[in-house]
Amino acid sequence: MVKFLVLIFLGFLIYRAARRYMTLGQKAEQSPGEGSVDEMVQDPSCMTYIPRRSAQRKVVGGKEFFFCSKECVEKFEKEMRAQQ
Ligand SMILES: [Zn+2]
């Protein structure tokens, strides 16, 4: 029972860290001058984190996105088109 509670607590911490990380990522996009550090960005298609400088960059609808591969770019573009 205690282990179960610890797991829930850990999950909550990870969730909070992930949310904070996403907010930081959005701020970094607005100030492109600070891209010298090997910052991690999230691929919105497969939800993987990749180093920003080795990521595939794509601007969709005025927003900047980063992907791990061309396949993910294509998949994301298809999904965006399907939503419109
Ligand atoms: Zn990907």
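Since the structure is predicted, the reported quantities are computational estimates derived from the model, not experimental observations.

Draft legend 1. Spatial organisation of the pairing of strand S4 (residues 63-67). Along S4, four of the five residues are buried, which leaves the element largely enclosed by surrounding structure. Bridging between strand S3 (residues 56-60) and S4 involves five bridges; their strand directions are antiparallel. Opposite Val60, over in S4, you have Lys63 as the bridge partner. In this antiparallel pair of consecutive strands, S3 and S4, the connection spans two residues, and Gly61 shows a positive phi of 60°.

Draft legend 2. A look at the nonpolar core. In terms of nonpolar packing, the biggest core is built from six residues, these being Val60, Phe65, Phe67, Cys72, Val73 and Phe76. Those elements giving two or more residues to this core turn out to be S4 and helix H2 (70-83). Per-element accounting of this core gives the leading share, three residues, to H2. Setting aside residues up to four positions removed in sequence, Phe65 forms contacts with Pro44, Gln56, Arg57, Lys58, Val60 and Phe76.

Draft legend 3. Focus on a nonpolar patch on the surface. Together, Val2, Val6, Leu7, Phe9, Leu10, Phe12, Leu13 and Tyr15 make up an exposed nonpolar region whose accessible area comes to about 820 Å². Counting through the fold element by element, Leu7 comes out in helix H1 (residues 2-30). Its relative accessible area of 58% is what places Leu7 among the exposed residues.

Draft legend 4. The arrangement of the coordination of the zinc ion in detail. Donor atoms from the polypeptide that coordinate the zinc ion comprise Asp43 (OD), Cys46 (SG), Cys68 (SG) and Cys72 (SG), at 2.0 to 2.2 Å from the metal. In this structure, the zinc ion is coordinated by four donor atoms arranged in tetrahedral fashion, with angles at the metal of 97 to 117°. Sequence positions of the donors to the zinc ion reduce to the motif D-x2-C-x21-C-x3-C. With Asp43 in the loop between strand S1 (40-42) and strand S2 (49-51) and Cys72 in helix H2, this residue pair connects regions lying 29 residues apart in the sequence. Residue classification places Cys72 among the buried positions, given a relative accessible area of 10%.

Draft legend 5. Region of interest: unusual backbone geometry. Located in the positive-phi region is Met47, a residue other than glycine, with phi close to 65°. Within the fold, Met47 resides in the loop between S1 and S2.

Definitions and cut-offs
- Residues numbered from 1 in each chain as written.
- Predicted model: local features only at pLDDT ≥ 70, side-chain atom pairs only at ≥ 80, totals over all residues.
- Heavy atoms only, no water.
- Buried < 20%, exposed > 50% of the residue type's maximum accessible area, 1.4 Å probe, protein only.
- Helix = DSSP H or I, 4+ residues; strand = E, 2+ residues; numbered from the N terminus.
- Pairing = 2+ DSSP bridges.
- Core = buried A, V, L, I, M, F, W, Y, C linked by side-chain atoms within 4.5 Å.
- Contact = heavy atoms within 4.5 Å.
- Patch = residues over 30% accessible without salt bridge, like charges linked within 9 Å, V, L, I, M, F, W, Y side chains within 5 Å.
- Areas by Shrake-Rupley, 256 points an atom, 1.4 Å probe, with all protein chains shown as cover.
- Salt bridge = Lys/Arg side-chain N within 4 Å of Asp/Glu carboxyl O.
- Donors = N, O, S within 2.8 Å, 3.2 Å for Na, K, Ca; no water.
- Tetrahedral: all angles 85-135°; square planar, octahedral: opposite > 155°, others 65-115°.

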